[in-house]
Structures are given as C-alpha cells and as structure tokens.
Amino acid sequence: MRILVVGATGTLGTAVVNEMKNDAEIISASKSNSDIKVDITSTDSILQMFKEVGEIDAIVSATGAAHFGGVEELTPELNSIAVNSKLLGQINLVLLGLPYIRDNGSITLTTGILMDDPVVGGASSAMANGGVRAFVKSASIEMPRGIRINSVSPNMLEESKEKYGSFFVGFEPVPAKRAALAFRKSILGAQTGQSYYVY
Ligand SMILES: NC(=O)c1ccc[n+]([C@@H]2O[C@H](COP(=O)([O-])OP(=O)(O)OC[C@H]3O[C@@H](n4cnc5c(N)ncnc54)[C@H](OP(=O)(O)O)[C@@H]3O)[C@@H](O)[C@H]2O)c1
C-alpha cells in the first residue's frame, strides 16, 4: 500500500506518518521540508506532485492554512488564505488526485473542532472546515471505483498547546496520536462520507 501524506512534516502529519509507517509505504509531501515539494494553493504544483508520485492507494491531507483573527479585522484578502489553502487546496488534491488513486483507495482530509465549537478569531478557518466537511459528504456518493473519502476533525492537539492554547480556553487537548487513529480508520476501514470527530 502506498500512502501520500501531504503536510507530512507538520504536527498532525508527523503523527499520521508514525501511525501508518509500519503498514504502508509513506510518500511524504509538504511545502518545503519534504523530498516531494508541493504548494496546495497552486493547481500546477499539485499536478506536478501527482505526476512525480504516480499511483497511490491513499491520499492524506494534513495541511491547510487559514488566517486567525477577529471578524471585524478580517479582510477579503485575509479570508482568501483559508479559501485558497484549507478549502480549495485540500479539495484540489481530491479533484486532481483521483486519477492517481487505485481502485478501492481512499482520501482523508483535515478540518478542525472550531467549526462546531467556535473560538474568537476562528471564523475564517471554520468556514473552510465546514466547506471541506460538506464537500466530503457530498462527493462520497459519487466516488468512482470503490474509492472512499472522509475527513478528520481534531480538537486542539496536545503538541500544539503552547501555540494555540490561549485561543482554545477550556478545551481539553487530544494527543496527536489519537487524531492519527482516525486517519487509520479512514484509510484501512470501510466507511465513506464520514467526518471523524476527535474531540
Ligand atoms: N495542530 C492542531 O492543534 C490542530 C487541531 C485541529 C486541526 N488542525 C488542522 O490540521 C492541519 C495541520 O495542522 P498542524 O498543526 O499539523 O500544522 P503544522 O504543524 O503547521 O504543519 C503544516 C504542514 O503543512 C505543510 N504546508 C504548509 N503550507 C503548505 C502548502 N501551501 N502546501 C503544501 N503543504 C503545506 C507544512 O510543510 P513544510 O513543513 O514543508 O513547510 C507542514 O507539513 C491544519 O489544517 C490545521 O488547521 C490542527
């Protein structure tokens, strides 16, 4: 089994790689710190990555940027960061990656808790998360060749507490290893169209 992990060097991506590395060949991709470089905000770059990587059994996206800040200060330009990266970037991995996925393969995208449990500054990210979740649910009924698609919505990760803890007051962080188990379920299980909540 070959699994392409986009965002493999990040906090979440590293946990997914560690969770799956004994079961599959992992192909790590990310913006600058992996052998396979990809910028998910560029369709040319995504296409180039798939050409380089070839056939795979699973795509995991553990990436997606968004501007964090109050709605009154949120400009259309700042909001477009989440649109172009977290929303369209992840969805374009699906649209452009489908021909490279083998029969009965899988796709797993990443959302996040703040779409359901809002925090100050999180509206732009929540917008993208909700779009990704809705796309996954809807697209799942049309996936060809037995291909499944799910998303994972993690709570704040324990490993990210220092970085994000002040925004997520009163949230109980989860270990990245627990979030990675939801990716395992999506990759090796039988379900499709699901959003796995790791809250
Ligand atoms: N951390 C949390 O607590 C948490 C909780 C819920 C949801 N999430 C979601 O999980 C995802 C990953 O979060 P994280 O905390 O693991 O992030 P992170 O540690 O900052 O890692 C980001 C990863 O994405 C890659 N990347 C950044 N921009 C990219 C681009 N334009 N194209 C391709 N790859 C790109 C980075 O690559 P390089 O290393 O090469 O730069 C890195 O591998 C995000 O969508 C985040 O919203 C995170």
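Here goes a summary of the coordinates provided.

Reading guide: rules and limits
Residues numbered from 1 in each chain as written. Predicted model: local features only at pLDDT ≥ 70, side-chain atom pairs only at ≥ 80, totals over all residues. Heavy atoms only, no water. Helix = DSSP H or I, 4+ residues; strand = E, 2+ residues; numbered from the N terminus. Rg over C-alpha atoms; globule rule 2.2 N^0.38 Å. Buried < 20%, exposed > 50% of the residue type's maximum accessible area, 1.4 Å probe, protein only. Contact = heavy atoms within 4.5 Å. Lys, Arg positive; Asp, Glu negative; His and termini not counted. Charge placed at Lys NZ, Arg CZ, Asp CG, Glu CD. Near = heavy atom within 4 Å. Polar contact = N/O pair within 3.5 Å; in protein donor to acceptor, adjacent residues only side chain to side chain. Areas by Shrake-Rupley, 256 points an atom, 1.4 Å probe, with all protein chains shown as cover. Axes fitted to C-alpha atoms, helices over the stretch in contact; angles between N-to-C directions. Parallel < 35°, antiparallel > 145°, perpendicular 65-115°, else oblique. Left-handed = near helix turned anticlockwise from the far one by under 90°. Salt bridge = Lys/Arg side-chain N within 4 Å of Asp/Glu carboxyl O. Pairing = 2+ DSSP bridges. Right-handed = clockwise from strand over helix to strand, strands pointing away.

Our next topic: the overall build of the protein. Within the protein, the regular secondary structure consists of six helices and seven strands. Along the protein, helices (α) and strands (β) appear in the sequence β-α-β-β-α-β-α-β-α-β-α-α-β when read from the amino end. By the compact-globule yardstick of 16 Å for 199 residues, the protein fits well, its C-alpha radius of gyration being 16 Å. Reported as C-alpha extents along the three principal axes, the dimensions of the protein are approximately 45 × 35 × 30 Å. Within the protein, buried positions represent 51% of all 199 residues. Taking the intrachain contacts of the protein between residues at least 6 apart in sequence as the baseline, contacts between residues at least 24 apart amount to 68%. Looking at charge distribution, the protein has the averaged site of its 17 positive side-chain charges lying 5 Å from that of its 20 negative ones.

Here we take up the site of the ligand. As a structural note, the neighbourhood of the ligand is formed by 26 residues, with T9, S30, S32, N33 and T63 the closest of them. L12 is positioned such that a nitrogen or oxygen atom in its backbone is 2.8 Å from an oxygen atom of the ligand. Interatomic distance of 2.6 Å between a side-chain N/O atom of S30 and an oxygen atom of the ligand. For the ligand, the accessible surface in isolation is 910 Å², of which the surrounding protein chains cover 82%. For the shell around the ligand, the secondary structure elements donating two or more residues are α1 (11-20) and α5 (161-164).

Moving on to the packing of helix α3 (residues 76-97) against helix α4 (residues 123-139). The contact between α3 and α4 brings their axes to 8 Å, and the two run at 20°. With respect to α4, the element α3 is oriented roughly parallel. For the element pair α3 and α4, the recorded crossing hand is right-handed. Facing α3, whose interface residues are N79, A82, V83, K86, L87, Q90, I91, V94 and L95, α4 presents S124, S125, M127, A128, N129, G131, V132 and F135.

Let's shift gears to the pattern of salt bridges. For the structure on display, the rule yields eight salt bridges. For the salt bridge of E25 with R2, the shortest nitrogen-to-oxygen distance reads 3.2 Å. Of this pair, E25 sits in strand β2 (residues 25-30) while R2 sits in strand β1 (residues 2-6), and the two are 23 residues apart along the sequence. Here K177 ties to E19 by a salt bridge, and the two come within 3.8 Å at their closest N and O atoms. Residue K177 is located in helix α6 (residues 176-188), and its partner E19 is located in helix α1; the two are separated by 158 residues in the primary sequence.

The side chains of a regular strand alternate between the sheet's two faces. Counting buried residues along β1, five of its five residues qualify, which places the element largely inside the surrounding structure. Residues R2, L4 and V6 line one face of β1 and the alternating positions I3 and V5 line the opposite face, and both faces are buried. Direction of pairing for β1 relative to β2: parallel, over a ladder of five bridges. Bridge pairing in β2 links L4 to I27. Crossover β1 to β2 through α1 is right-handed. For β1 and strand β4 (residues 56-61), the ladder comprises four bridges, and the chain directions are parallel. Across the sheet, the residue bridging to V5 is V60, located in β4.

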